[in-house]
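# Working through the structure, step by step
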Amino acid sequence: MRTLKSRTVPALLGLALLASLPAWAGVAEGERAKPIQAGGEKPETVQVQLPEKAAAAAAAPAAAEAPEPAPAPVPRAPVGDEDAPTAIYQQWKALEPHQLIPDKSVFYAATSNYSATKDAFFRSALQGLIAEPEVLEPLLDTWDRMRKGYLHGDGTLSPLQQRRRELEVGLFDEMVKHIDLHAAFALDFVQVQKAGAAAPREAPRFLFVISLPKTERGELRQQELADLMDRFSASQLIDRHYKDNVSNVGAYRIQELKCEELDLEESWAFVENLFLYGRGPGIVEEALKVYQVNKGAGSLQQNPGYASSFGKVGEDANLYLQLDVMNYVKAALNNNPLVARVLGLESEEAQKIRPQLAIGLKVMDGDKAAIKEKWLWRLSQGEQSLGPCKAVSAYLASNNSLFFEAHQFNLADSIKKAASLGGEGEGGPAMLRTLLAGLQSSLGANDQGEVIRRLEPFKGEMAFNFSYIAGGDDLLEMFQPVLALEFNRADLAEVTTTLDKLSAATNLTYQKQQFHGAELYYQLGAIPGADNQGQQAKPLLDVLLGGSGRKDEEKAKGAPFFAGYAIVDVSPQVAGAQTRWFVLFSDSVKALKKAISQSRVQRHSLAQREEFKQLGDNFDEQRSTVAFLDLPRMTEALYRQILPQLARGSTNRAGVLEFLPPENIVVPHLSAMGWAVTMHTEGRMIEVISPTGNLSLLGLVSAFALPKIQAERQLEVSRRIDENIRRISLGLHLYAADFDRFPSRLSDLVPGYVRVEDLAVFESPFKKGAVKRAEDVDDIEKTNLVYLPGRSLQDMSDQIMLFEIRPTGIFAQQEVYRTVHHVLYLDGRVTMVPASNLRQKLKGVRGLPKGIELQQGASVILGDNALSPSSRGGMTASSPAGAAGAAGEGREDPLSGYNFGIGGRPSKK
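Here the structure is a predicted model, which is why all the values come from computation and not from measurement.

Right, let's talk about the overall build of the chain for a bit. From N to C terminus, the chain includes 29 helices and 29 strands. A buried classification covers 51% of the 909 residues belonging to the chain. A separation threshold of at least 6 residues defines the contact pool for the chain, and within that pool the share at least 24 residues apart is 67%. Summed over all atoms, the accessible surface of the chain reaches about 41,900 Å², with 52% contributed by carbon and sulfur.

Below you can see the structure in the form of structure tokens.
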């Protein structure tokens with residue numbers, strides 16, 4: 001018997017979310033769920049109803065072959081005390097989902113109180129942001145397209161598949177309404193041997209569990225769910241493709257539906273206070289055997305990894321998730337042993353620990369509350385904490401710092417560990433060897449071992465922070481970074497010697513200055529207006545980033561190093577605190593002076609900022625890393641400086657910000673974000689507190705804006721290619737007017753009909769800048785264009801002269817954008833044709849180069865100024881029967897390209 005196809009899993013995983021998002025976003029359910037209307041269009045949501053008249057109207061043969069609807073549920077045998085009252089809810093044992101979920105589940109998500117979780121979300125800062133119309137509208141628009149995309153598929157769905165999807169969405173719409181308390185979802189895979197197959201294959205399964213309250217209301221909910229499933233089953237059994245079955249495991253009854261044509265097996269049952277719905281072979285039956293026959297053996301309940309993970313990150317969480325990623329990570333890293341060693345995957349003990357990743361999410365107290373997440377990451381084993389990070393370096397950061405991160409470290413040990421990870425030829429160690437070689441030369445060390453010994457004084461706390469100065473176009477000037485490395489006061493002389501040698505190796509002159517009792521060293525030329533004695537400063541970042549436009553001869557010829565550094569002591573004004581010593585590095589002398597000032601005027605430092613202290617109080621005291629991000633100010637920088645600057649260099653120069661929710665809508669819902677890392681014997685625990693959860697603001701706004709931006713830019717490229725081909729067409733016809741024939745190759749048009757400086761009209765958007773000479777025009781790899789020579793002026797006007805290999809044309813159909821090929825005909829028409837139709841038109845055509853293969857619907861994801869093929873562009877194959885044709889003269893051709901899927905529709909002007 002066939003099982004559920006793996007390609008359906010992503011769609012199935014999202015069904016519950018597709019059903020529940022409108023309600024969570026504050027949209028009335030009645031507005032988004034409509035029953036079937038006779039003679040009307042298909043509804044977006046199909047209510048599950050008994051067929052009755054619809055069954056009578058079905059085709060006679062189908063009705064004749066359809067089995068009788070499943071009978072009403074048989075009352076379950078009492079479980080427990082025989083003298084207990086007969087009411088169902090008084091017999092329930094109040095089971096929790098993990099007591100039935102299979103131990104081998106690769107993904108598990110659960111909430112212990114769905115209603116409380118939803119209430120908590122409604123008072124969170126994230127919900128406040130999402131509820132803003134400017135944010136909610138594009139979000140629901142995207143969600144609607146996801147829903148429609150699942151309901152209607154890619155145009156290749158059979159009527160059986162189409163109707164099944166409509167029923168599925170209707171079922172999950174109704175199921176969500178019955179969730180009050182504990183709900184869980186689990187996914188696993190089983191080996192299935194298909195008849196006639198040489199080897200078994202892996203089949204996915206999922207189990208959805210709803211907990212019913214131990215009250216009369218719970219008894220009513222059970223009856224409602226039983227009726228719902230009876231209607232759902234009956235609505236499918238009118239079709240001869242479905243078969244039903246009833247089986248028992250002990251005292252419990254399982255109802256099953258199967259459809260071999262859809263590779264579908266689903267089942268459901270009531271077990272004490274739980275309702276179980278499963279998809280895949282034997283999933284509900286296995287859950288019941290685990291509970292009743294095996295007394296819980298084989299369930300998550302007895303998995304020590306689950307118990308430990310839940311105890312660390314999930315006990316007080318609104319939502320708990322765990323993931324067994326080992327097999328997938330190992331498969332992805334088969335060819336990257338270095339990364340495998342970094343993650344600790346080579347340890348057999350590490351591979352046995354399950355789950356490898358566990359996450360707990362909790363909405364914190366108060367109105368507009370932030371979301372706290374705890375991540376337990378178990379892949380990297382055996383790491384030891386170097387002690388708790390007290391964030392003393394926060395006294396060096398100003399109270400308006402945009403970003404700060406500090407963690408415990410030992411520089412020499414870190415380098416030795418990194419050097420031991422890989423062998424010859426691997427990227428990481430090779431880069432490290434280059435760095436060590438440069439340090440060896442700069443320090444005059446005899447070997448790399450001596451280099452590492454020179455770095456041993458740097459241990460304790462390492463920190464990085466930067467402030468933001470609005471204005472200007474230079475990002476390096478706007479974001480002023482400072483790196484702080486702690487060292488032992490007893491090693492001051494050795495540290496000073498090391499710094500002197502590193503600065504001297506640059507072949508630049510460093511000036512010494514006393515500032516607030518600290519020694520500050522900076523390159524001449526690093527302070528504007530000072531006497532630089534003709535020397536231009538060459539900051540480290542400037543050199544590493546290619547000189548920021550400097551000429552090659554102006555770049556530093558010596559070893560790169562920071563433009564300035566200082567040695568400073570920090571004495572926190574806290575009882576029992578000891579003086580700590582740091583070396584500060586920066587390419588901004590202003591930033592260095594500000595850091596030194598903060599250590600002397602501590603009330604103006606980040607360490608005294610109330611938001612920073614509150615975040616720290618919510619983290620584990622033994623954390624080895626602590627970080628802070630001023631998310632509101634980061635948002636302002638994003639909107640006012642970063643995105644406008646990026647937009648100026650993009651194809652779509654007409655304002656990326658037009659597609660983003662307004663700044664004054666976003667900022668009021670934001671607060672500071674923080675995170676911390678604590679090392680445990682089992683792995684790393686990562687805590688995150690943010691108004692938007694573990695989402696950077698850039699990711700959040702991109703989720704709303706990028707689909708529209710991408711569609712607009714794809715349309716812009718499509719228009720540009722269309723114009724280029726028209727210019728080529730003009731050149732071809734001018735050539736034909738002069739010689740009474742078309743050229744034998746495209747390069748004949750240069751320079752008489754297309755100027756050399758205009759060669760860009762021939763270049764492929766997938767290989768920007770590849771066409772540099774006339775001979776490049778005939779290279780189809782560089783142009784993406786195939787020219788068919790040998791045409792005469794007397795040929796039929798509908799003969800093809802030129803076409804694209806990889807399509808860049810964009811055609812809109814039913815709010816879905818598809819990629820099609822630009823085609824130039826003999827009479828000068830430029831149209832867009834889908835790949836299947838273009839293949840038909842090219843059959844038997846003379847002059848077609850050998851080996852040409854149309855790349856049907858190659859995914860199109862645009863970078864700043866280029867179009868690049870990608871296998872992850874959200875496109876899926878489609879061949880909609882009876883679809884409308886392409887634009888222009890291609891209108892008679894049914895589309896058969898690829899669609900953009902979610903987010904492919906540009907905004908309406």
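The biggest cluster of nonpolar side chains holds 38 residues, and the ones touching the most others in it are L396, F404, F582, L584, F612 and F628. Beyond its immediate chain neighbours, meaning those up to four positions away, L584 contacts L396, V482, L483, A484, G564, Y565, A566, V568, L592, A595 and I596. The next biggest cluster of nonpolar side chains, apart from the first, holds 32 residues, and it includes L171, F232, Y242 and Y277.

A word on the packing of aromatic side chains. Enumeration over the complete set of coordinates arrives at 30 aromatic pairs. Between F172 and Y277, the ring centres sit 6.1 Å apart and the planes meet at 90 degrees, which makes this aromatic pair edge-to-face. Of this pair, F172 sits in helix α10 (residues 159–176) while Y277 sits in strand β7 (residues 274–279), placing them 105 residues apart in sequence. Classification of Y277 by relative accessible area gives buried; the value is 0%. Note on Y252 and Y291: the rings are 6.3 Å apart at their centroids and 50 degrees apart in plane angle, and the pair reads as tilted. Here Y252 is found in strand β5 (residues 252–259), whereas its partner Y291 is found in helix α12 (residues 283–293), with 39 residues between them in sequence. For Y252, a relative accessible area of 0% gives the class buried. According to the relative accessible area criterion, Y291 is buried, its value standing at 14%.

Once that is clear, we can look at the packing of α10 against helix α11 (residues 216–237). Close contact between α10 and α11 brings their axes to 11 Å; oriented N to C, the two are set at 175 degrees. Judged by the inter-axis angle, α10 sits roughly antiparallel to α11. Contacts between α10 and α11 involve R163, R164, L167, L171, E174 and M175 from the former and L228, M229, F232, S235 and Q236 from the latter. Its residues assigned to classes, the contact of α10 with α11 shows 6 nonpolar, 2 polar and 3 charged.

The next subject is the pairing of strand β4 (residues 243–249). Looking at chain direction, β4 and β5 are connected through 7 bridges and run antiparallel. By the bridge assignment for β5, V246 is matched with Q255. If you look at the hairpin formed by β4 and β5, you'll find 2 residues sitting between the two strands, and G250 has a positive phi there, around 60 degrees.

Time to look at unusual backbone geometry. The omega torsion across V750 and P751 is 0 degrees, close enough to zero to call that bond cis. Tracing the chain through its elements places P751 in the loop between α27 (697–739) and α28 (780–783). One non-glycine residue, H516, lies in the positive phi region at around 50 degrees.

Here we come to the pattern of salt bridges. Scanning all chains against the criterion turns up 37 salt bridges. One salt bridge connects K312 with E682, and the closest N-O pair in it is separated by 2.9 Å. Taken as a pair, K312 in helix α13 (residues 304–314) and E682 in the loop between β19 (673–680) and β20 (683–690) lie far apart in primary sequence, 370 residues in all.

Now for the side chain of T117. Among the secondary structure elements, T117 is positioned in helix α7 (residues 114–122). The buried category is assigned to T117, whose relative accessible area is 14%. A distance of 2.9 Å separates a polar atom in the side chain of T117 from the backbone oxygen of N113.

Here helix α9 (residues 133–152) crosses α10 at 135 degrees, and the two axes come no closer than 8 Å. Compared by their axis directions, α9 and α10 come out oblique. Here R147, G149, Y150, L151 and H152 of α9 lie close against α10, whose contacting residues are Q162, R165, E166, E168, V169 and D173. Across the contact of α9 with α10, the residue classes break down as 3 nonpolar, 3 polar and 5 charged.

All right, on to the side chain of S124 then. With respect to the helices, strands and loops of the structure, S124 is situated in the loop between α7 and α8 (125–131). On the accessibility criterion, S124 (2% relative accessible area) is buried. Here S124 is in contact with V363, K368 and A369, once residues within four sequence places are set aside.

Moving on, we get to the pairing of β20. With 6 of 8 residues buried, β20 lies mostly within the body of the structure. Here 7 bridges tie strand β10 (residues 371–377) to β20, and the two strands are oriented antiparallel to one another. Across the sheet, the residue bridging to K374 is E687, located in β20. As paired strands, β19 and β20 are joined by 7 bridges and run antiparallel to one another. Within the sheet, the bridge partner assigned to W675 lies in β20 and is V688. With antiparallel pairing between neighbouring strands as the criterion, β19 and β20 make up a hairpin whose turn holds 2 residues.

What follows concerns the environment of G674. By the element assignment, G674 lies in strand β19. With 14 residues separating them in the primary sequence, G674 and V688 have C-alpha atoms 5.9 Å apart.

Next up on the list: the confidence of the model for the chain. For the chain, the average pLDDT comes to 77, and 72% of its residues sit at 70 or higher. Counting contacts from residues 1–21, a segment whose pLDDT is below 50, to residues more than four positions away or on other chains yields 51 contacts. Taken together, the stretch residues 547–556 has pLDDT below 50 and engages in 14 contacts with residues farther than four places along the chain or on a different chain.

A separate point is the environment of S671. As for its placement among the helices and strands, S671 is situated in the loop between α26 (663–666) and β19. When its relative accessible area of 28% is taken as the criterion, S671 is described as partly exposed. Excluding its chain neighbours within four sequence positions, the residues that come into contact with S671 are L631, P632 and P691.

Cut-offs and rules
- Residues numbered from 1 in each chain as written.
- Predicted model: local features only at pLDDT ≥ 70, side-chain atom pairs only at ≥ 80, totals over all residues.
- Heavy atoms only, no water.
- Helix = DSSP H or I, 4+ residues; strand = E, 2+ residues; numbered from the N terminus.
- Buried < 20%, exposed > 50% of the residue type's maximum accessible area, 1.4 Å probe, protein only.
- Contact = heavy atoms within 4.5 Å.
- Areas by Shrake-Rupley, 256 points an atom, 1.4 Å probe, with all protein chains shown as cover.
- Core = buried A, V, L, I, M, F, W, Y, C linked by side-chain atoms within 4.5 Å.
- Phe/Tyr/Trp six-rings, centres within 6.5 Å; stacked < 30°, edge-to-face > 60°.
- Axes fitted to C-alpha atoms, helices over the stretch in contact; angles between N-to-C directions.
- Parallel < 35°, antiparallel > 145°, perpendicular 65-115°, else oblique.
- Nonpolar A, V, L, I, M, F, W, Y, C, P; charged D, E, K, R; others polar.
- Pairing = 2+ DSSP bridges.
- Salt bridge = Lys/Arg side-chain N within 4 Å of Asp/Glu carboxyl O.
- Polar contact = N/O pair within 3.5 Å; in protein donor to acceptor, adjacent residues only side chain to side chain.
- pLDDT = per-residue confidence, 0-100.

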